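# Structure assessment
Single-letter residue listing:
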Amino acid sequence: MTVPVLLFASLRSKHGDCVPVELPAGATVGALKSVLRSQGLWVDGARVAVNRAFATDEHTIEQRDEVAVIPPVSGG
Amino acid sequence: MTVPVLLFASLRSKHGDCVPVELPAGATVGALKSVLRSQGLWVDGARVAVNRAFATDEHTIEQRDEVAVIPPVSGG
Amino acid sequence: MIRLQPDPIDPELIRRSLEGTDAGGVAVFCGEVRAVTGEVRTERVVYTAYEPMALAEMERLAKQAAERWNARVAVVHRLGELLPGDIAVVTAAACAHRAEAFAACRFLIERLKADVPIWKQEFGPDRSVIREGERTVEVESADEVGE
Amino acid sequence: MIRLQPDPIDPELIRRSLEGTDAGGVAVFCGEVRAVTGEVRTERVVYTAYEPMALAEMERLAKQAAERWNARVAVVHRLGELLPGDIAVVTAAACAHRAEAFAACRFLIERLKADVPIWKQEFGPDRSVIREGERTVEVESADEVGE
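Given the structure is predicted, the values throughout are model-derived calculations rather than measurements. (Residues numbered from 1 in each chain as written. Chains lettered and ligands numbered in written order. Predicted model: local features only at pLDDT ≥ 70, side-chain atom pairs only at ≥ 80, totals over all residues. Heavy atoms only, no water.)

Further remarks concern the arrangement of the chains. Among 3 pairs of chains with at least one contact, chains C and D form the most extensive contact set. With no contact formed, the shortest span from any C-alpha in chain A to any C-alpha in chain B equals 29 Å. Chain B makes no contact with chain D; the smallest distance between any of their C-alpha atoms is 10 Å. (Contact = heavy atoms within 4.5 Å.)

Here you go:
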């Protein structure tokens, strides 16, 4: 399945707002992170959000999920 | 010497704004406290202020000092 | 800004008095008159102070906080009659970083409540008490302390 | 009050939104844009957010604080371009007692700075950086993140 992944902060400035990522059906967040790292779409300390909430590595990604890479935040 | 002693809070409501207290010359704050206690002009936890600052028992009171009994405070 | 005032306190005015482009954080504490304390209902309160000493103590605390946390600080207390919901006191601190701002603001209200000679008399439906620290002393008349 | 807003933040409006006669204390924290951080001068900053998630996280933190400290709380963050001295964020908590108000207010700003997906891009005299936690990432163009 192809999952659009939202990017923010330095990843957004380098790679744009959103990139399509190819994943096997039933892939976990952990698997997604491996793919993102191999494509340079990751920064130290980043977390993955699924449907607008931080997700653990074991979380299974569904086709329709809203997926985002959240670099360390700097609000406040 | 006679020293006017300012009163506040429950002491003021019972005994008025200010009472004259007779003290030997060179009396300390500790001696003043004994006199005040014997006259019922004291409450638990009170402190003595001399010239608008809290004073220790060893502090010597001068004729012209502004002396006050400060019951536990309740501002804020 | 160090003040004892009979008129209502404007916390925004106090915050603005601390503004500057070097402060990353401003912490403000507003103490308000509660309608109910424990099981006792309060209809109005009257704050009185040993004014010159209260101001001197407030200045002393402000100086301590300003030096210890490299802060700009404010301490303002209202005197006279207040109703539930009214602001009785504001302490505020502006610092480069938030931890210092919280620490300085907290220090000011804690020390004020311990050392600044101000007293609260509470008027309820059927009695009036003067607070002295944690204890309350019933007073017979409805006369206000020090008025 | 939980908000992300492009317009200037009014801390007094936020404090008023928490008013009530049951709260003895209200703690308010205002985070402001510093002109200088370390040795780096900032001329302007731009805050961007993953807005729907940021709001969801802010709601979650607010709910946690409200339950843990029996508090009424507010969290408001500004987005877009800000200048030094402008208020970027306000957290506030109203509680029966001051210790809880300070704790809840502090919790909100600490958790916001750790978990809410908002980022700051700083523009100085000769460079621009995006902050990611404690680290800065230089960006080549003057383009704003996410615009």
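Anyway, onward from the coordinates.
Let's shift gears to the interface of chain B and chain C. Taken together, the contacts link 24 residues of chain B with 27 residues of chain C. Where chain B abuts chain C, roughly 2000 Å² becomes buried across the two surfaces, and 59% of that area is made up of carbon and sulfur atoms. Run the count over chain B and chain C and you get 1 salt bridge. Our count for the chain B to chain C interface comes out at 15 residue pairs in polar contact (both at pLDDT 80 or more). Elements with a minimum of two residues in the side of chain B that touches chain C: α1 (9-15), β3 (47-50), β4 (53-54) and β5 (67-70) of chain B. For the side of chain B that touches chain C, the leading source of residues is α1 of chain B, giving 6 residues. Taken together, the residues that form the side of chain B that touches chain C break down as 13 nonpolar, 5 polar and 6 charged. (Buried area = accessible area lost by both parts, 1.4 Å probe. Salt bridge = Lys/Arg side-chain N within 4 Å of Asp/Glu carboxyl O. Polar contact = N/O pair within 3.5 Å; in protein donor to acceptor, adjacent residues only side chain to side chain. Helix = DSSP H or I, 4+ residues; strand = E, 2+ residues; numbered from the N terminus. Nonpolar A, V, L, I, M, F, W, Y, C, P; charged D, E, K, R; others polar.)

Turning to the confidence of the model for chain C, a few remarks are in order. Scored by pLDDT, chain C comes out at a mean of 92, with 95% of its residues at no less than 70. The ipTM, which scores confidence in the relative placement of chains, is 0.92 for this predicted complex, and the corresponding pTM is 0.93. (pLDDT = per-residue confidence, 0-100.)

This part takes up the interface of chain C and chain D. In this assembly, 33 residues from chain C lie in contact with 33 residues from chain D. Interface area, chain C with chain D, both sides summed: about 2700 Å², of which 55% is carbon and sulfur. Considering only the surface of chain C that becomes buried against chain D, Arg34, Arg98 and Phe102 of chain C emerge as the three largest contributors, covering 25% of it. Applying the counting rule to chain C against chain D returns 4 salt bridges. With a closest N to O distance of 2.7 Å, glutamate 110 of chain C and arginine 98 of chain D form a salt bridge. Run the count over chain C and chain D and you get 11 residue pairs in polar contact (both at pLDDT 80 or more). Residues belonging to the side of chain C that touches chain D are distributed by class as follows: 16 nonpolar, 7 polar and 10 charged.

The next thing to look at is the packing of helix α3 (residues 98-115) of chain C against helix α3 (residues 98-115) of chain D. For the pair α3 of chain C and α3 of chain D, interaxial distance at closest approach is 12 Å and the crossing angle is 175 degrees. One way to sum up the angle between α3 of chain C and α3 of chain D is to call them roughly antiparallel. In this structure, α3 of chain C uses Arg98, Ala99, Phe102, Cys105, Arg106, Ile109, Glu110 and Lys113 of chain C to contact α3 of chain D, whose residues at the interface are Arg98, Ala99, Phe102, Cys105, Arg106, Ile109, Glu110 and Lys113 of chain D. Considered class by class, the residues forming the contact of α3 of chain C with α3 of chain D number 8 nonpolar, no polar and 8 charged. (Axes fitted to C-alpha atoms, helices over the stretch in contact; angles between N-to-C directions. Parallel < 35°, antiparallel > 145°, perpendicular 65-115°, else oblique.)

All names here are of chain A. Here we have 5 strands laid out as an open sheet, ordered β2-β1-β5-β3-β4, and mixed in their pairing. Whereas interior strands pair on both sides, the edge strands pair on one side only; in this sheet they are β2 (18-22) and β4 (53-54). As judged from the 2 bridges shared by strand β1 (residues 2-6) and strand β5 (residues 67-70), these two strands associate in the parallel manner. Among the inter-strand pairings, leucine 6 is bridged to a residue of β5, identified as alanine 68. (Pairing = 2+ DSSP bridges.)

We now examine the pairing of strand β5 (residues 44-49) of chain C. All names here are of chain C. For β5, the tally of buried residues reaches 5 of 6 residues, placing the bulk of the element in the interior. For β5 and strand β9 (residues 118-123), the ladder comprises 6 bridges, and the chain directions are antiparallel. The residue bridging tyrosine 47 from the neighbouring strand is lysine 120, located in β9. (Buried < 20%, exposed > 50% of the residue type's maximum accessible area, 1.4 Å probe, protein only.)

In this section: the sheet that holds β3 of chain B. Residues and elements named next belong to chain B. The 5 strands lie next to each other as β2-β1-β5-β3-β4, forming an open sheet whose pairing is mixed. Only two strands of the sheet have a single partner each, and these edge strands are β2 (18-22) and β4. With 4 bridges connecting them, β3 and β5 associate as antiparallel partners. Bridging from a neighbouring strand, alanine 49 pairs with alanine 68 of β5.

Even without being a glycine, alanine 9 of chain A presents a positive backbone phi close to 55 degrees. Residue position: alanine 9 of chain A is located in helix α1 (residues 9-15).

Attention now goes to the nonpolar core. Ranked by size, the top nonpolar core spans 65 residues in total, and within it Ile118 of chain C together with Ile118 of chain D carry the most contacts. Listed in part, the 26 residues of the second largest apolar core include Cys30 and Val90 of chain C together with Ile9 and Ala94 of chain D. (Core = buried A, V, L, I, M, F, W, Y, C linked by side-chain atoms within 4.5 Å.)

Right, let's get into the relation of the copies chain C and chain D. Take chain C, turn it by 180 degrees, move it 0.0 Å along the axis, and it overlays chain D with an RMSD of 0.0 Å. Taken together, the turn and the small shift mark the pair as related by a two-fold rotation axis. By C-alpha distance to the rotation axis, the residue of chain C lying nearest is valine 28 of chain C, at 2.5 Å. Mapped onto chain D, 100% of the interface residues of chain C are again interface residues, and the two copies thus contact each other with one and the same surface. (Least-squares fit on C-alpha atoms with pLDDT ≥ 70 in both.)

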